[in-house]
Structures are given as structure tokens and as C-alpha cells.
Amino acid sequence: MNPATCLWYTHPADKWENALPVGNGRLGAMVFGGTDEERLALNEETFWSGGPYSQTVKGGAKVLPEIQRLVFAGEYTKAHKLFGRFLMGNPIEQMKYQALGNLALMFAPGGKVRDYRLELDLDQAVVKVSYERDGVRFVREVFSSAVDQVIVVRLTADKPRQISFTAELRGCRNTAHSNYGNDYFQMDGDGSDGLVLRGKSADYLGVEGKVRYLARLRPFRKADASAWTARS
């Protein structure tokens, strides 16, 4: 690790803006680095509100000569009003990028956490969380693979059979916008130990939400039972 290209902190992130990012251009996550509960805020590049639509206002071309005449006549306010009404796309705003969901890992409670470190290696594009608790050193590594198109979480401990956690793959909504209430998601189990999240994008500005998504979490255990890898 090159200290010049590493961001590191002595405490977990308290909000989204302070979490550390990983991404491969399509899949991304913000890693909070909690010790009792880890949160990964997930994103996927194609998940937007609405669906395919046209912003073209029919008949707009007919008013273009009048707009040009008004501009050359110096009547800019009148030209601006005509342009806004007949030539600006409708809706004027673009669709909104939506969060895919949250992966939460809840760990067994324990004693005081010591020697905590949350870091992002910019050369390797890996977020690492490390700390000691009850005499055990825990390490969590997160990255987004461009080759496999997955987000990987690797959990290790320096003593056997010390990793215990439950996981949730949660959907989320943008509660800052009241018109985001018409999207939906469903959280289910997937086989004996996996999770699946299914949902639909929100309607926005009169454009029906037509984007469907599916995210999966699959755990993989090493033969010695000392480490897990979760893929989403």
C-alpha cells in the first residue's frame, strides 16, 4: 500500500457522504465500515426513475419562425416565453437516478473495539475495515469486480470460527420526494443461504416507472470455515 494514495480513518462513516466508494463503472457501493453493523449502499448505472419516453413537444417547429423574428426584433422576453412553451422538452427535467438498495451485515455483539481503521486504497480500489475485538483481529475487504460484474465482500479473522453474522439485502426509496412513493421492492430468501431483492423504478413527472431490477447476495465459505465472501 502506498500511503500517498490511501485514505484512512479511525472511525466508521456516520453518513453517506463520509462512506468510502468502490465501483467498476456499472456497480458501485458506499462502504460505511461499522463494527456491529456494516452497511453497503448499492448503485447500478441503469436504475433510473421512469422509463423510455420522448420529450418532444408536437407542433413546436411551427413557432420557430416567430421565435426567430422576435429575437431579431430584440423582443427577447416574448421569444423566451414562446421557446419555453413550444420548444423545450416536456418534462423539462430528466429522470432521477435511484439507489439500488442496501446490503447490511449484522455481527454478533462483543467487547470494546480496539485499533480500528477504515481505509480506501486508491491504487487497488479496495476498501478495508480492520479492528480488534475480544482478542480477535477482524478484517473486511470490499471491491467491485469489472471482470465478474459483482461487488465482493471478504471477511476474515485471525482465529478460527470467529465470524458470525446475519445479512439483509434491503430496498430503499428516496424519501425526500413525495412522488417517489409509487416504486416498490420485495425482499426474499434465495435458496438455503442467499438473498434476492426485486423491484421497480418510480414514476416521475408523469413518466411511468418501467425499470425492473434484481439483486442477489450469495455467500461462499472457504474450506477452513475462517472466511466468507458475499457477492451482490
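For the structure, see preceding data.
Description of the structure in this document. No experiment lies behind these values; they were computed from the predicted model shown. (Residues numbered from 1 in each chain as written. Predicted model: local features only at pLDDT ≥ 70, side-chain atom pairs only at ≥ 80, totals over all residues. Heavy atoms only, no water.)

## Focus: the overall build of the protein chain
Turning to step 1, where the next piece is worked out: Helix and strand content of the protein chain: two helices and 14 strands.
Turning to step 2, where the next piece is worked out: For the protein chain, the C-alpha radius of gyration of 24 Å lies well beyond 17 Å, the compact-globule estimate for 232 residues.
Turning to step 3, where the next piece is worked out: Over its C-alpha atoms, taken along the principal directions, the protein chain stretches across nearly 80 × 45 × 35 Å.
Turning to step 4, where the next piece is worked out: Looking at the protein chain alone, contacts between residues at least 24 apart form 56% of all its contacts between residues at least 6 apart.
Turning to step 5, where the next piece is worked out: Roughly 13,600 Å² of accessible area belongs to the protein chain as shown, and the carbon and sulfur atoms make up 52% of that amount.
Turning to step 6, where the next piece is worked out: Charge centroids of the protein chain, computed over 31 positive and 27 negative side chains, lie 5 Å from each other. (Helix = DSSP H or I, 4+ residues; strand = E, 2+ residues; numbered from the N terminus. Rg over C-alpha atoms; globule rule 2.2 N^0.38 Å. Contact = heavy atoms within 4.5 Å. Areas by Shrake-Rupley, 256 points an atom, 1.4 Å probe, with all protein chains shown as cover. Lys, Arg positive; Asp, Glu negative; His and termini not counted. Charge placed at Lys NZ, Arg CZ, Asp CG, Glu CD.)

## Re the nonpolar core
Turning to step 1, where the next piece is worked out: The biggest cluster of nonpolar side chains holds 32 residues, and the ones touching the most others in it are L40, L42, L103, V127, V142 and L169.
Turning to step 2, where the next piece is worked out: Counting residues per element, this core draws most heavily on strand 9 (residues 150-157), at four residues.
Turning to step 3, where the next piece is worked out: Core analysis: the next-biggest nonpolar cluster, separate from the first, contains five residues, A19, M30, F32 and A41 among them. (Core = buried A, V, L, I, M, F, W, Y, C linked by side-chain atoms within 4.5 Å. Buried < 20%, exposed > 50% of the residue type's maximum accessible area, 1.4 Å probe, protein only.)

## Describing the side chain of E44
Turning to step 1, where the next piece is worked out: Here E44 lies in strand 4 (residues 37-44).
Turning to step 2, where the next piece is worked out: Accessibility expressed as a relative area gives 11% for E44, which makes it buried.
Turning to step 3, where the next piece is worked out: At 3.0 Å, the side chain of E44 and the side chain of R26 are in polar contact.
Turning to step 4, where the next piece is worked out: Not counting residues within four places of it along the chain, the set of residues in contact with E44 comprises R26, L27, Y97 and L100. (Polar contact = N/O pair within 3.5 Å; in protein donor to acceptor, adjacent residues only side chain to side chain.)

## With respect to the environment of R140
Turning to step 1, where the next piece is worked out: Considering the arrangement of structural elements, one finds R140 in strand 8 (residues 136-145).
Turning to step 2, where the next piece is worked out: With a relative accessible area of 3%, R140 lands in the buried category.
Turning to step 3, where the next piece is worked out: Of the polar contacts made by the side chain of R140, one reaches the side chain of Y131; its length is 3.4 Å.

## Thoughts on unusual backbone geometry
Turning to step 1, where the next piece is worked out: Going from N90 to P91, the amide bond is cis rather than trans, its omega being 0°.
Turning to step 2, where the next piece is worked out: One can find P91 in the loop between helix 2 (76-86) and strand 5 (101-107).
Turning to step 3, where the next piece is worked out: Backbone geometry places D115, a non-glycine residue, at a positive phi of 50°.
Turning to step 4, where the next piece is worked out: In this fold, D115 is placed in strand 6 (residues 113-121).
Turning to step 5, where the next piece is worked out: In this model, L205 sits at a positive phi of 55°, which is unusual for a non-glycine residue.
Turning to step 6, where the next piece is worked out: Mapping L205 onto the fold places it in the loop between strand 12 (194-200) and strand 13 (212-221).

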